[in-house]
Amino acid sequence: MTTASLLSTPARPVQPARRRGARPRLRWLLVLGWIAQVALRLWLNRYHTTPVANPDETGYLLAARWLAGGAGADLSGSTFYQAGYALLLVPIFWLTSDPWLAYRLAVGVGAVAAASAYPVAYVLLRRVGVSGRAALVLAFVAGLSPALVVFSGYALADAVLPVVVLGWLVALNDLVADGPGRRRVLAGLGAGGLAAYAMAVHLRGTVIVAVCLLVAVALWRRLPRAALLATLASAVAGAVAGDVLNRALRAALYPGGPRDLSGLLVERLTSLEGQAWALSGAAGQLWYLIAGTWGLAGVGMAGAVTLLARRRAPLAPRVLAGALLLLTLGIAYASSAALPDEHRVGNFAYGRYLACVAVAWTLAGLLTLLRASRLPAGPARPAAAGGRWGGPLGVVRLVVVAAGLLAVTGGVTAWYAGDRLRRHAFIAFDFPEVIFLTRTPGSLDLVAASLSALALLACLAGATLVRRPALVRRAGVVRRPGMLAAGVLALIQVAFVAHLAPAPPAPGPDWLPAPSPPGRVAVEAGVKWNVWVPLSYRVWWTRIERFRGTPPEGICTAVVPQDAGPPPAGWATTGARHGWATWSRC
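How each quantity is defined
Residues numbered from 1 in each chain as written. Predicted model: local features only at pLDDT ≥ 70, side-chain atom pairs only at ≥ 80, totals over all residues. Heavy atoms only, no water. Helix = DSSP H or I, 4+ residues; strand = E, 2+ residues; numbered from the N terminus. Contact = heavy atoms within 4.5 Å. Areas by Shrake-Rupley, 256 points an atom, 1.4 Å probe, with all protein chains shown as cover. Lys, Arg positive; Asp, Glu negative; His and termini not counted. Charge placed at Lys NZ, Arg CZ, Asp CG, Glu CD. Expected span 1.5 Å × (residues − 1). Buried < 20%, exposed > 50% of the residue type's maximum accessible area, 1.4 Å probe, protein only. Axes fitted to C-alpha atoms, helices over the stretch in contact; angles between N-to-C directions. Parallel < 35°, antiparallel > 145°, perpendicular 65-115°, else oblique. Left-handed = near helix turned anticlockwise from the far one by under 90°. Nonpolar A, V, L, I, M, F, W, Y, C, P; charged D, E, K, R; others polar. Pairing = 2+ DSSP bridges. Right-handed = clockwise from strand over helix to strand, strands pointing away. Patch = residues over 30% accessible without salt bridge, like charges linked within 9 Å, V, L, I, M, F, W, Y side chains within 5 Å. Salt bridge = Lys/Arg side-chain N within 4 Å of Asp/Glu carboxyl O. Disulfide = S-S within 2.5 Å. Polar contact = N/O pair within 3.5 Å; in protein donor to acceptor, adjacent residues only side chain to side chain.

Colleague: What should I look at first to understand the overall build of the protein in this one?
Modeller: What the protein contains, in helices and strands, is 24 helices and five strands. Once the C-alpha set of the protein is aligned to its principal axes, its extents read approximately 90 × 55 × 50 Å. Taking the intrachain contacts of the protein between residues at least 6 apart in sequence as the baseline, contacts between residues at least 24 apart amount to 72%. Put simply, the protein shows about 25,300 Å² of open surface, and 64% of that area lies on carbon and sulfur atoms. In the protein, the 54 positive side-chain charges and the 22 negative ones have mean positions that sit 23 Å from each other.

Structure representation (structure tokens):
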């Protein structure tokens, strides 16, 4: 990666008056761009009116409602959904108890959070030496990445984690780069605090905390003591506070305990078969990350490894490259090791867990291509400035490396999974980018997705090599090769957004029971989770109770399996559909 060369290249002098006039314009463009990003997401998600990604969405919404002082639920035996993301939704339940309106507002929070990646990405690009106008364009285009578009329409932690990761990288850069001591202390507080918050949001945050502490300890001689202590103290204190909050949430909503995957994790880590599962699953996640970023993540990884090998490169870019690599590999391996076999294709190739780093790798890959294309090729070029990675041949080599990574990770996935990629359940929600690449909504075609991603990467790489700006100007497109590449990436992102554009839902009856307030509601143990879990959110006025056999005294509405037979004396059947029936006596 040629970060070192760009940072060591002096920028053209800018007149003070021109600089003063440009800054307000850039700020207004940032604000307008952020508003446009929010508006796009609200338009895309205009038909999202109720949780569909269950039990995940319902788990976070119930956590937020309980934290706001509303009715809780009993989710014992289910996956534990942590409190960090739910904290952002708490004000919604202070404003309304209507589950429909609350969900629409939660979708709005996700849109705002995901759109905020745009200004944060702009700051990160400025930190690594990109000019203001170029950073504005590149950040806006990266803000349209699938990882920031798909999950922004759901009440999921994945809407905020990419922004947290970008912010953490900015803070990490400011902590390591030379600068005033106070700024580095504040950066340490930010890096440790954001890592701790990510840990309170999702278990993936544990890897962020581990990488943050590893960086701080590894650089303890290079960091000011106050900045080092600030980083360690904020990370530890934030992790402890998050753990206390999560313990309280676990006791309230999971009285019988959440789903325990610790035993499975130990088995995976201590057996050859478990290691094969974990490593192949990690390879599948890396394959998805590269394919789902149109190959740019593979280019970025090649550049990061190259940068790490250059000891003469500036420290801050090397730290960012190493931290992002460690974070990506750590999340891929740990999440795969703890993932139970659910007999779905997503067990072998999955993009959601690494979506939090996808935007960072998109930026890294695009910058690597652009900077490589600007350097002269040849062995006479100093190693710190790009060496053999410069010029058209350097761009081609980067694309070849990315293609190799895609082939190796995809090959490992196909070899380990075998015919399970065809036999197991294919859930379209797990594969939005792959479906866009292959136009096949019902199955996973690793080869077709890989070839389509490489074709898009070839277009991006070709755009970086355009060397006739005059012709480009006459075409009325852009003025620089970098902007042409950004334009090509924007076209790809817009095509993906158009692919996601929703159609109005078909009208039809609600598929869940509809108890009436304010009576108590109970669900029989034989009712499937995909009924009682979303119903726990829909029933906003009371905590749903569970029972076996005859409904307990004082219950107004009982939800039972559809084949439960006639209700007891004094009860009347008031509804039946999709495997459930309701009995009422109020």
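Colleague: What's the story with helix α3 (residues 56–67) in this structure? I'm lost.
Modeller: In an α-helix, one turn spans 3.6 residues, which is why side chains three or four residues apart end up on the same side. Taking 1.5 Å per residue, twelve residues should reach 16 Å; α3 reaches 17 Å between its end C-alpha atoms and fits that length. Within α3, ten of the twelve residues are buried, which leaves the element mostly enclosed by the surrounding structure. Looking at α3, one finds that the buried residues are Asp56, Glu57, Thr58, Gly59, Tyr60, Leu61, Leu62, Ala63, Ala64 and Arg65. Buried residues belonging to α3 abut α4 (83–95), α5 (99–115), α10 (181–201), α12 (225–253) and α24 (529–538). Trailing α3 by a residue or two, Gly69 shows a phi angle of about 100°, which is positive.

Colleague: Help me out: how do you make sense of the packing of helix α6 (residues 117–127) against helix α9 (residues 161–176) in this one?
Modeller: For any two helices packed against each other, one specifies the inter-axial angle together with the distance between the axes. Contact geometry for α6 and α9: axes closest at 9 Å, N-to-C directions at 25°. Compared by their axis directions, α6 and α9 come out roughly parallel. When you trace α6 past α9, the crossing you get is left-handed. Of the residues in α9, those in contact with Ala117, Val120, Ala121, Val123, Leu124 and Arg127 of α6 are Val163, Leu166, Gly167, Leu169, Val170, Asn173 and Asp174. Its residues assigned to classes, the contact of α6 with α9 comprises nine nonpolar, two polar and two charged.

Colleague: Hey, could you run me through unusual backbone geometry in this one?
Modeller: With the exception of glycine, most residues fall at negative phi, and the peptide bonds are largely trans. The amide bond that connects Asn54 to the next residue, Pro55, takes the cis arrangement and shows omega of 5°. With respect to the secondary-structure elements, Pro55 resides in the loop between α2 (16–44) and α3. Across the junction of Pro517 and Pro518, the peptide omega takes the value 5°, indicating a cis bond. Mapped onto the fold, Pro518 is located in the loop between α23 (481–500) and β1 (520–524). For Trp294, which is not glycine, the phi dihedral falls at a positive 60°.

Colleague: Looking at this model, I keep getting lost on the pairing of β1. Mind explaining?
Modeller: Within a regular beta strand, the side chains point alternately toward one face of the sheet and then the other, so they alternate between its two faces. The buried count for β1 comes to four of five residues, which makes it a mostly enclosed element. Taken together, the four bridges between β1 and strand β3 (residues 555–561) define a ladder with parallel strand orientation. Across the sheet, residue Arg520 finds its bridge partner in β3, namely Ile555. Sheet analysis places β1 next to strand β2 (residues 545–547), joined by three bridges and oriented parallel. Looking at β2, one finds that Val523 is bridged to Arg546. Between the parallel elements β1 and β2, the chain passes through α24 in a crossover that is right-handed.

Colleague: Where do I start with a nonpolar patch on the surface in this structure?
Modeller: A cluster of nonpolar side chains, namely Trp28, Leu29, Val31, Leu32 and Ile35, defines an oily patch on the protein surface of about 510 Å² accessible area. Relative to the elements of secondary structure, Ile35 occurs in helix α2.

Colleague: In this structure, what is going on with the sheet that holds strand β5 (residues 580–584)? I would like to understand it.
Modeller: The strands that make up a sheet are held in pairs by hydrogen bonds between backbone atoms, and each pair lies either parallel or antiparallel. Read across the sheet, five strands follow the order β2-β1-β3-β5-β4 without closing on themselves; strand pairing throughout is mixed. Either end of the sheet is taken by a strand with one partner, and the two such strands are β2 and β4 (572–577). Averaged over all pairs of adjacent strands, the angle between their axes in this sheet comes to 25°, without regard to strand direction.

Colleague: What's the story with the pattern of salt bridges in this structure? I'm lost.
Modeller: Close approach of charged atoms allows side chains with opposite charge to pair. Within the structure shown, the criterion is met by twelve salt bridges. The salt bridge involving Arg127 is made with Asp174; its shortest N-O contact spans 2.7 Å. Placement of the pair is Arg127 in helix α6 and Asp174 in helix α9, with a sequence separation of 47 residues. Residue classification places Asp174 among the buried positions, given a relative accessible area of 10%.

Colleague: Where do I start with the state of the cysteines in this structure?
Modeller: Simply put, the disulfide is a covalent bond whose two ends are the sulfur atoms of two cysteines. Per the counting criterion, the structure on display carries one disulfide. In this model, Cys556 is linked to Cys586 through a disulfide, with the two sulfur atoms separated by 2.2 Å. Placement of Cys556 in strand β3 and of Cys586 in the segment after β5 is noted, with a sequence separation of 30 residues between them. Using a relative accessible area of 10% as the deciding quantity, one classes Cys556 as buried. Take Cys586: its relative accessible area is 72%, and that puts it in the exposed class.

Colleague: I would appreciate a short explanation of the side chain of Glu524 in the present structure.
Modeller: Mapped onto the elements of the fold, Glu524 is located in strand β1. Although buried, Glu524 forms no salt bridge, and the nearest oppositely charged side chain, Arg548, lies 5.4 Å from it. A polar atom in the side chain of Glu524 sits 2.5 Å from the backbone nitrogen of Gly526. Excluding its chain neighbours within four sequence positions, the residues that come into contact with Glu524 are Arg546, Phe547, Arg548, Gly549, Val559, Val560 and Pro561.

So, to be careful, I would describe these as geometric facts and stop short of saying anything about function.
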